[in-house]
Amino acid sequence: MSARDIAIAITIAAAVLVLVVMFTAWRRRLRRDSGLAAPLGVPEHAEVIDRHEVLYVSTTKHDQPLERLALHPLAYRARGEVAVTDRGLALCLDGAPTVFLASSRLASVDRATVTIDRVVEPGGLVRVAWSADDDTIVDSYLRLTDGDPQTFISELQRLVPATGDDAAPDTGATS
């Protein structure tokens, strides 16, 4: 065996090792996050206020934009459409069931620049913080491919329930 053949064998072995480690790490992440799932399906009679074409980038731990979560069906990047409704946000990604984030699940909506695998111009991403379950808030990142991001953010911020001392108590009464 020549030195060239040994170098090729070492390179191939290193590449295979890297691929095995990547595969194992992703499988471990899928198992770790299997207890969390995005809510599916849009409620009946939800009135669509606006629609936008988007690139779904990722979902991460809240305020940790570099810690990806593998929530089904939000584990992978995709193109799609978001529909802002009077009851929440519907995320229709290519090849995946519709995710519906009811307004009661929304925690905040703002702009972002960085998330895992993506850095864009300042404020180029829309960060939607929402409750995956009673104790877990996650951040999903979207990049609008049409429309004005600030208008979209304003539409979503109107859906976020008021919190804190200035929020009016919910008495169940209607006016």
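Before reading further, recall that the structure is shown in the block above.
The structure contained in this document is the topic of the report that follows. These figures come from a predicted structure and were not determined experimentally. (Residues numbered from 1 in each chain as written. Predicted model: local features only at pLDDT ≥ 70, side-chain atom pairs only at ≥ 80, totals over all residues. Heavy atoms only, no water.)

### Quick look at the pattern of salt bridges
The cut-off we apply is this: Any carboxyl oxygen of Asp or Glu that lies within 4 Å of a side-chain nitrogen of Lys or Arg is treated as forming a salt bridge with it. Put simply, DSSP H or I for four residues or longer makes a helix, DSSP E for two residues or longer makes a strand, and each gets a number counted from the N terminus. Partly exposed describes any residue whose relative accessible area lies between the buried limit of under 20% and the exposed limit of over 50%, with all areas from a 1.4 Å probe on protein chains only and scaled to the type maximum.
All chains considered together, the criterion is met by seven salt bridges. Among the ionic pairs, Arg127 bridges to Asp63, the shortest N-O distance being 2.8 Å. One end of the pair, Arg127, is in strand S9 (residues 125–131); the other, Asp63, is in the loop between strand S1 (48–61) and strand S2 (64–68), with 64 residues separating them in the sequence. What makes Arg127 buried here is its relative accessible area of 12%. The partner of Arg127 in a salt bridge is Asp139, with the nearest N and O atoms 3.3 Å apart. Of this pair, Arg127 sits in strand S9 while Asp139 sits in strand S10 (residues 137–144); the two residues are twelve residues apart in sequence, bridging distant segments of the chain. Taken together, the shared-partner salt bridges in this structure form one network comprising Asp63, Asp110, Arg127 and Asp139.

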